[in-house]
Amino acid sequence: MTLVIDGLSKRYGQVVALDRVGFRVEPGEIFGFLGANGAGKTTAMRIVLDILRADSGTVTWRGRLSTELPRRTFGYLPEERGLYPRMRVLDQLVFFAGLYGVPGAEARRAALGWLERFRVIDLADRRADELSKGNQQKIQFIAAILHDPEVVLMDEPFTGLDPVNVSLLRSAFLELAARGRTLIFSTHQMEMVEALAGAIAIIDHGRLLTGGPTREVRRRAGRPVVRLAVEGDPELAWVSSLAGVRLIRPGPGISELSVEPGTDPQSILRAALARGAVVTCFEIADPSLEEIFIELVGRPPDDGVSVGAPAAVESAA
Ligand SMILES: Nc1ncnc2c1ncn2[C@@H]1O[C@H](COP(=O)(O)OP(=O)(O)OP(=O)(O)O)[C@@H](O)[C@H]1O
Ligand SMILES: [Mg+2]
């Protein structure tokens, strides 16, 4: 019942785009696929869709090889958007659904429903090239799901959307997942992943770095982060003098501190109170995905020994 990606490798000449990447996505799951630019996300998605052939490895969905599944099993929101510039919005939605065998009248009804829902019903008869970028993207999303695929792969679906549209798309994600559809999306927006994805994979230079249920990945990362705010003291300069504590993201507002293993996070609170500070926020949390990502991906290549703080975090401190 699961989407199983197993040992995928792909080279483009000398470039190793994927190196034995494997992970699983459960049905009805919203899955975040993360990695730096050039990590291999688009390549992996195109292999799942059978647009591209892997050098080795397999993709199976419900126990069947993806290469043997009907096309309509999958929906795809490609990285380079592919609407026909001169075709009218509704016409092209009906056209795309038709490619997957959806009868015209049915496709039209479904398309109008989605256009309404995405607040672009007034654009139904406009040419795609007359639409703004964000609106084109919404149309492209509708095109990806109109045939009601079991698995939807979306390459950076949130990029360039305003907050209202982000929220419309988010609720569409949640509804599709609640109906048992499986959603895989790539993004560089970590807060989107934290808000939406029940499970993730992070790849870098074609290799899987970590993956699994989002909460587990965060817990596994170990070192807790303390979020602290003190009234009238946005700098929290005194924190740096505490043993095993480092200010990784200074305020204003809430600052974030990393805590070395063996140091009790509560000691920070005790130190603050001992100074007579008015603590307005104190929270012990697992590291955010952004921190985990920077820690894993931001490390210089071939740096097997010094697992020091990543450069980006250092310079911010
Ligand atoms: N058609 C191609 N020919 C040669 N090299 C390619 C081709 N497509 C991708 N690559 C290389 O394969 C690697 C993985 O690229 P891919 O597009 O899968 O990365 P990505 O994770 O999607 O990156 P981004 O976040 O920038 O979209 C990169 O080094 C890229 O340069
Ligand atoms: Mg890509």
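About the criteria used
Residues numbered from 1 in each chain as written. Chains lettered and ligands numbered in written order. Predicted model: local features only at pLDDT ≥ 70, side-chain atom pairs only at ≥ 80, totals over all residues. Helix = DSSP H or I, 4+ residues; strand = E, 2+ residues; numbered from the N terminus. Buried ≥ 20, exposed ≤ 12 C-beta atoms within 10 Å, placed from the backbone. Contact = placed C-beta atoms within 7 Å. Domains from an automatic or database assignment. Core = buried A, V, L, I, M, F, W, Y, C linked by C-beta atoms within 7 Å. Pairing = 2+ DSSP bridges. Axes fitted to C-alpha atoms, helices over the stretch in contact; angles between N-to-C directions.

S.K.: Got a minute to help me understand the environment of Ile184 in this structure?
M.R.: Assignment of secondary structure puts Ile184 in strand β8 (residues 182–186). Since 25 C-beta atoms lie within 10 Å of it, Ile184 is described here as buried. In this structure the C-alpha to C-alpha distance between Ile184 and Phe33, which are 151 residues apart in sequence, comes to 6.8 Å. If near-sequence neighbours (up to four positions away) are discounted, Ile184 is found in contact with Val25, Phe31, Phe33 and Leu153.

S.K.: Looking at this model, I keep getting lost on the domain arrangement of the protein chain. Mind explaining?
M.R.: Bring the parts together and some accessible area is lost; that lost area is often taken as the interface size. Once the domains are mapped, the protein chain shows domain 1 (3–213) and domain 2 (219–316). Counting from both sides, the interface comprises 9 residues of domain 1 and, opposite them, 6 residues of domain 2. Secondary structure elements with two or more residues in the side of domain 1 that touches domain 2: α6 (190–196), β9 (199–204) and β10 (207–213). Ranked by residue count, the leading element in the side of domain 1 that touches domain 2 is α6, at 3 residues.

S.K.: When you look at the nonpolar core in this model, what are you seeing that I'm missing?
M.R.: Grouped burial of nonpolar side chains is what soluble globular proteins tend to show. Within the largest apolar cluster, 65 residues are counted, with the highest numbers of intra-cluster contacts made by Phe31, Leu93, Ile142, Leu146, Leu153, Ile200 and Ala201. Two domains each provide a minimum of three residues to this core, namely domain 1 (3–213) and domain 2 (219–316). Excluding its chain neighbours within four sequence positions, the residues that come into contact with Ile142 are Leu93, Ala111, Trp114 and Phe118. Ranked by size, the runner-up nonpolar core spans 12 residues in total, among them Val225, Ala229, Val259 and Ala272.

S.K.: Help me understand the sheet that holds strand β14 (residues 279–285) in this model?
M.R.: Two pairing modes exist for strands in a sheet, parallel and antiparallel, and in both the strands are linked by backbone hydrogen bonds. On the basis of which strands lie adjacent, the open sheet formed by 4 strands has the order β12-β13-β11-β14 and antiparallel pairing. If you trace the sheet from one side to the other, it starts and ends with β12 (245–249) and β14, each paired once. Neighbour-to-neighbour, the strand axes of the sheet open up by a mean angle of 25°, direction not taken into account. Here strand β11 (residues 225–230) runs beside β14; their pairing, made up of 6 bridges, is antiparallel. Bridge pairing links Leu228 to Phe282 in β14. Packing against the sheet, helix α8 (residues 266–274) makes contact with β11, β12, β13 (255–259) and β14, and its axis sits at approximately 170° to β14.

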